[in-house]
Amino acid sequence: MLIGKFKKFKKQHFESQKSTYSLIVLIMAFFILLVPAVRFLFFQNYFKENASFYNTHIASSFGRDEKIDSTVYGGRELHYNPYHYFLYISGKIFQLENSSIFIPIILGFFSALLFYNILEKFKVDSNTTVLAILIFLVSPTFIYVFSASTPLCLIFFLGLLGVFLFIQESKLLFFLSLPVFSTLSLFGFAVSLTIFAITIILNQYFRKSSGQFYSTLAVIIVFALVGGIFLKSTIVFQNPENSNFVKEFFSDFGGNVGFSIFTVILAFFGVVMLWKNKEKNYLAFLLFFILLFASFADSFFNIFLIIPFSLLASYAIISISRSQWEITVIKNLTILVIFCGIIFSSISYYNNHLKSAPSQDMITALKFLNEKANKAYTIFSDEKNGFLIEYYGGTVFADTLFSKERLSDEKTIYYSRKVEVTKKILDKYHVGYILIDKNMREKIWVSEDQGLLFLLKNSDSFRKIYNIDSVEVWEYLGK
Amino acid sequence: MRLKKEHMIVGAILILTFAIRLYLSFQTSYFAGDDSYFNIRQIEHIRSSGFPLFKDDLSYSGRVFIFPPVYHYIAAFFSLFMPLEIVVKIVTNLFASAIVIFVFLISFHITRNFMSSVLASLASGFVPIFFSSTFTSSATYSLAVPLFFFAFYCFLKSEENRNYVYVFLTTIFLLVLVHSIVIFLIIGLLFYLLLIKLEHLKQSKQEIEMIIFSSLLILWFQFLFYKKALLTHGITIVWQNIPAEIINTFFRETNLLEMVYQIGLIPFFFGIYVIYRTTFEQKRKSILLVVGFVLSLGISIWLRIIKPEIGLTLLGLMLVILLSDYLKGIFEYIEKTRISKFKFFIILFVALAIVATSILPSIYYSMKELDNVPGSEEINAMKWMKSHTAENAVVLATAEEGHLVTYFGNRKNVIDSNFLMIPDAQERYEDIKTIYTSSYSTVATPLLNKYDVNYLIFSEKSKKDFEINELKIAQDTTCFNLIYNKTILIYKSLCKVIAYREI
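On a predicted model such as this, the values are computed, not experimentally measured, just so you know.

Caption draft 1: Representation of the overall build of chain A. Within chain A one finds 21 helices and 7 strands. What you see for chain A is a C-alpha radius of gyration of 25 Å, in line with the 23 Å of a compact globule of 479 residues. Along the longest, intermediate and shortest principal axes, the C-alpha atoms of chain A span 95 × 55 × 40 Å. Relative to its 479 residues, chain A shows a buried fraction of 55%. For chain A, the computed accessible surface area is about 21400 Å², with 64% contributed by carbon and sulfur atoms. Considering chain A, the positive charge centre built from 44 side chains and the negative charge centre built from 35 side chains are found 10 Å apart.

Structure follows, in structure tokens:
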């Protein structure tokens, strides 16, 4: 009787502890994801990431059932991915712009909860779980993925949802994981391959019947092929920059989807500490290292690494705090420095993220162009501004998805001082307007007398029609 | 009584070092090294406003500085009691001379031999590269180097007395706020851990804890300080954004012969011998610690990730510590032989050898360094500009003269030797080189216009830097008016390019 009561009390206590932790996770996620929402609602009523403009624009094209993107001069075949369908459908209910802002935030919120539940299912102890989620939530990768409207947020959420459903005992929940994995596979081979590997590893820990296991793998393969052959989905999540993997990998060096250097160091410690169990987890370790090397080649894989990184870093901190140190003061100070390092890195990232382009001036200039410009003509600007111009209804000369040939013409326009050469290319692409912003002035030209800037000032073929502090629009009169 | 005598001897070495440094330092009223005047400007700004000058309108005609300011605050404090120029000379040399105390303490801790420690202390006061690069400059590492060795000493002593752990942590904290050489302290300690592991020696838990904490603390602080620079330059921040053409001047390759001269013949060879002995014969933790630092510094110098004057200074001082271990062995051996009665003469001989191979080269290099101190002609030209040019004028000079333009001339420069956070440093340097070396004013004028240059300084430094004998563009007298004609020439740039039509 007494034992029964004790067990009941223990169970109740455990349940209440569980719900407290879930609440903590929700509150943390809420506050971290609140910032982009507050920014959009009260300060800057536009997207922050260029990729958000692109994905929202593509989702709107889906609504018009377009096969060719006509906002790029010469047109371009449109490749939709499941995120665009999802955005379009929710856009029909809540408006596309609102969906683009709030869907990533909502998915981030649920991803945090799913991550918590998955760790619980893996029987990770509660302190490590809460700490892992804290590291996960404040990581620049999480902030980026769930504050920009890119397919990454859906991939991440579906990945966690799929894993969560797959590891449940219930057959119904397992079968629900199949449509999730199949949707994920439609995102392309890189995602499919990673999910495929994750499924194999999960099966090591949560034995499924061979029927269930192989059917899951078959679904992934079939849908990956369908996605690869018919959808040819393009995952656009950032402007490709000419940067090295160190910069992309560490947010402290400016990587958008990078990791805080402290998290990486702690994860390294975590690997060292867990290395003694490598026989038990050799497949998980193998996948971790493969993803690590893959992320050096393409920062897209960083989204898969943030989970093991958070977990390993958390394990390292917990191990440090539980270990017996000769000098307790140093131990406490070390933990303090670790927390400060992780949190300051995130604050700094958030700060830079909020300050990043596009500026309000740019948005105003684009709205001006949308209202006043003749839509029949192309707008020439740097390819990095391409997605923004497309979003605001202009036909753009080039964006970052363009081939080298067109970008080579772009370079000629930038640097040629011979008006005939420039005019020939402008005519070739039916250019009617030229948009120049502060970034272009700083990065492309070094003086006012160079290339296009020289021509704009000195040739009668151009007329300035708009000028704010950092953005100017010129009309090409030779059109 | 004995202790007092020891103190007196080390005190005498300190006074000797300080006195020679001061004597040489006061041979000129000015300071060597362009950085000195940057530091003096910062100290003056702290005195007047209480804060360093992080946003400067003059350097590069407007830029942001990133640097740890503790050295400047200390100098600013002392400048409340005496003139700034004297404070800088005295304080810098006093800090640098303090190294003899720390090297003595470290050597004594390792050898427990008074005489060998005294001789090491003497040699440390006169490591030629350290002596000549700090005796007449306002270099922040004159404070950082002694602090570095004090932290090293505390690390060694922490095994005996736990209080040293806290002193070590405080010193590390202070060092972080003084100079970025603190990174090399951590690299050295990590090398030490590696050596201990390789030699299968027992690792002290307390030491590991100290290393872990200080590594994380330093890493965090470096990220806090240099966050913006990291975002701007990425990993290349190590080379401080120095233009490719002159990076060899700052991070130059160091050959073995130069190392021997700059470190001192005796510390170099006997230090290396002790490393050999430690590697193959005796394996003592305290010596392995020094060897860890020697290895890490040697690799850093070889990879050119540390400025040679700093790298060789630290390396030289580490080798001096190893020298003390070698001398201890020699003295102990002599004690056992018949020549022990000549011990005094042997010590005298070693001391004379140190005088010949460390003190005399230090003085020789210092005298040579005095030639690099800006002369009164140069300073007068800069001062002349202050009184004869418009307040917002932009003055073009070489990178090495940039801080002189801002300090003495109080005018905007186009370039100086602090390249951090300058996005177009490479391009600026190339443009300036074109201006100085071009034969045509039509080439130079657009570039002068680009940086809004009003005045152009042609000095011995510009001749040396750009390997020219004359400023050819100045022959076009319609564009360049000679307004100051002494050893230094100052031209006023008169022409503006109205975009010529190529279209």
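Caption draft 2: Layout of the pattern of salt bridges. All names here are of chain A. For the coordinates displayed, the defined rule picks out 22 salt bridges over all chains. Residue Glu279 is joined to Lys278 by a salt bridge in which the shortest nitrogen-to-oxygen separation is 4.0 Å. You can call Lys278 partly exposed: its relative accessible area is 30%. When salt bridges with common partners are traced through the structure, they connect Asp69, Arg76, Glu390 and Asp399 into a single cluster.

Caption draft 3: A look at the nonpolar core. Ile434 of chain A together with Phe149 and Met318 of chain B are the most contacted members of the largest nonpolar core, which totals 303 residues. Broken down by element, the residue count for this core peaks at 15 residues, all from helix α17 (residues 308–335) of chain B. Core analysis: the second largest hydrophobic core is formed by 34 residues, Phe250, Ile415, Tyr429 and Ala474 of chain B among them.

Caption draft 4: Molecular detail of the environment of Leu283 of chain A. Residues and elements named next belong to chain A. Note that Leu283 resides in helix α13 (residues 282–297). For Leu283, a relative accessible area of 24% corresponds to the partly exposed category. Counting along the chain gives 40 residues from Leu283 to Ser323, while the straight-line C-alpha distance between them is 28 Å. When residues no more than four places from it in sequence are discounted, the contact partners of Leu283 are Ile200, Ile201 and Gln204.

Caption draft 5: Representation of the sheet that holds strand β6 (residues 462–467) of chain A within the structure. All names here are of chain A. Read across the open sheet, the 5 strands follow the order β4-β3-β5-β7-β6; overall the sheet is mixed. Where the open sheet ends on each side, the last strands, each with one partner, are β4 (395–396) and β6. Two elements, strand β5 (residues 431–437) and strand β7 (residues 471–476), share 5 bridges in a ladder whose sense is antiparallel. Within β7, the residue paired with Ile434 across the bridge is Trp474. On top of the sheet, helix α21 (residues 451–458) reaches β3 (378–380), β5, β6 and β7; it is set at about 115° to β5, its chief contact.

Caption draft 6: Region of the structure containing the packing of helix α6 (residues 114–125) of chain B against α17 of chain B. Residues and elements named next belong to chain B. In contact at an axis separation of 8 Å, α6 and α17 are set at 150° when each is read in the N-to-C sense. In terms of orientation, α6 and α17 fall into the roughly antiparallel class. Note that α6 runs across α17; the crossing there is right-handed. When α6 is examined against α17, the residues Met115, Ser116, Leu119, Ala120, Ala123 and Ser124 are found in contact with a partner set consisting of Leu317, Val320, Leu323, Ser324, Leu327, Lys328 and Phe331. Looking at side-chain class alone, the contact of α6 with α17 contains 9 nonpolar, 3 polar and 1 charged residues.

Caption draft 7: Molecular detail of the interface of chain A and chain B. Contacts between the two partners involve 33 residues from chain A and, on the opposite side, 28 residues from chain B. Contact with chain B buries surface across chain A, with Phe253, Glu326 and Ile327 of chain A losing the most and accounting together for 19% of the total. At the boundary of chain A and chain B, one finds 1 salt bridge. For the salt bridge of Glu326 of chain A with Arg162 of chain B, the shortest nitrogen-to-oxygen distance reads 3.6 Å. Taken together, chain A and chain B are joined by 4 residue pairs in polar contact (both at pLDDT 80 or more).

Caption draft 8: How the structure looks around the pairing of strand β6 (residues 480–485) of chain B. Residues and elements named next belong to chain B. In this structure, β6 lies alongside strand β7 (residues 489–493), joined through 5 bridges in antiparallel fashion. Residue pairing across strands places Tyr484 opposite Ile490, the latter belonging to β7. Hairpin connection from β6 to β7: 3 residues lie between these consecutive antiparallel strands.

Caption draft 9: Spatial organisation of the packing of aromatic side chains. Taken as a whole, this structure holds 83 aromatic pairs over all chains when the rule is applied. Judged by centre distance (4.9 Å) and plane angle (50°), the ring pair of Phe142 of chain A and Phe146 of chain A falls under tilted. Each member of the pair, Phe142 of chain A together with Phe146 of chain A, is buried. Through successive ring pairs, a cluster of aromatic residues spans Phe249, Phe250, Phe253, Phe259, Trp275, Phe285, Phe288, Phe289, Phe293, Phe296 and Phe309 of chain A together with Phe223 of chain B. If you follow Arg21 of chain B out to its NZ or CZ, it ends over the ring of Phe130 of chain B, 5.4 Å from the centre. Directly above the ring of Phe26 of chain B sits Lys89 of chain B, whose terminal nitrogen or CZ lies 5.7 Å from the centroid.

Caption draft 10: Expanded view of a nonpolar patch on the surface. Judged by side-chain polarity, Phe189, Ile221, Val222, Phe223, Leu225, Val226, Ile229 and Phe230 of chain A come together as a nonpolar surface patch covering roughly 770 Å² of accessible area. The biggest single contributor to the nonpolar patch is helix α10 (residues 210–231) of chain A, with 7 residues.

Caption draft 11: Structural context of the confidence of the model for chain A. When pLDDT is averaged along chain A, the result is 86, and 94% of the positions lie at 70 or above. The secondary structure element of chain A with the lowest average pLDDT is helix α1 (residues 2–43) of chain A, at 73, and the one with the highest is helix α7 (residues 151–166) of chain A, at 94.

Caption draft 12: Representation of helix α19 (residues 419–428) of chain A within the structure. Residue and element names in this part refer to chain A. Taken together, the buried positions of α19 are Val419, Thr422, Ile425 and Leu426. Within α19, the buried residues cover an arc of 135° as seen down the axis, which keeps them to one side. Turned more than 90 degrees away from the buried face of α19, the exposed residues are Glu420 and Lys424. At the exit of α19 stands His430, carrying a positive phi of roughly 60°.

Caption draft 13: Expanded view of helix α11 (residues 205–225) of chain B. Residue and element names in this part refer to chain B. Over its 21 residues, α11 runs 30 Å from end to end, which matches the ideal 30 Å to within 8%, given 1.5 Å per residue. When you tally the buried positions in α11, you get 15 out of 21 residues, the bulk of the element. For α11, the N-terminal capping position is held by Ser204, with its side-chain oxygen 3.3 Å away from the main-chain nitrogen of Gln206.

Rules of the game
Residues numbered from 1 in each chain as written. Chains lettered and ligands numbered in written order. Predicted model: local features only at pLDDT ≥ 70, side-chain atom pairs only at ≥ 80, totals over all residues. Heavy atoms only, no water. Helix = DSSP H or I, 4+ residues; strand = E, 2+ residues; numbered from the N terminus. Rg over C-alpha atoms; globule rule 2.2 N^0.38 Å. Buried < 20%, exposed > 50% of the residue type's maximum accessible area, 1.4 Å probe, protein only. Areas by Shrake-Rupley, 256 points an atom, 1.4 Å probe, with all protein chains shown as cover. Lys, Arg positive; Asp, Glu negative; His and termini not counted. Charge placed at Lys NZ, Arg CZ, Asp CG, Glu CD. Salt bridge = Lys/Arg side-chain N within 4 Å of Asp/Glu carboxyl O. Core = buried A, V, L, I, M, F, W, Y, C linked by side-chain atoms within 4.5 Å. Contact = heavy atoms within 4.5 Å. Pairing = 2+ DSSP bridges. Axes fitted to C-alpha atoms, helices over the stretch in contact; angles between N-to-C directions. Parallel < 35°, antiparallel > 145°, perpendicular 65-115°, else oblique. Left-handed = near helix turned anticlockwise from the far one by under 90°. Nonpolar A, V, L, I, M, F, W, Y, C, P; charged D, E, K, R; others polar. Buried area = accessible area lost by both parts, 1.4 Å probe. Polar contact = N/O pair within 3.5 Å; in protein donor to acceptor, adjacent residues only side chain to side chain. Phe/Tyr/Trp six-rings, centres within 6.5 Å; stacked < 30°, edge-to-face > 60°. Lys NZ or Arg CZ within 6 Å of the ring centre and 35° of its normal. Patch = residues over 30% accessible without salt bridge, like charges linked within 9 Å, V, L, I, M, F, W, Y side chains within 5 Å. pLDDT = per-residue confidence, 0-100. Arc of directions from axis to C-beta. Expected span 1.5 Å × (residues − 1).

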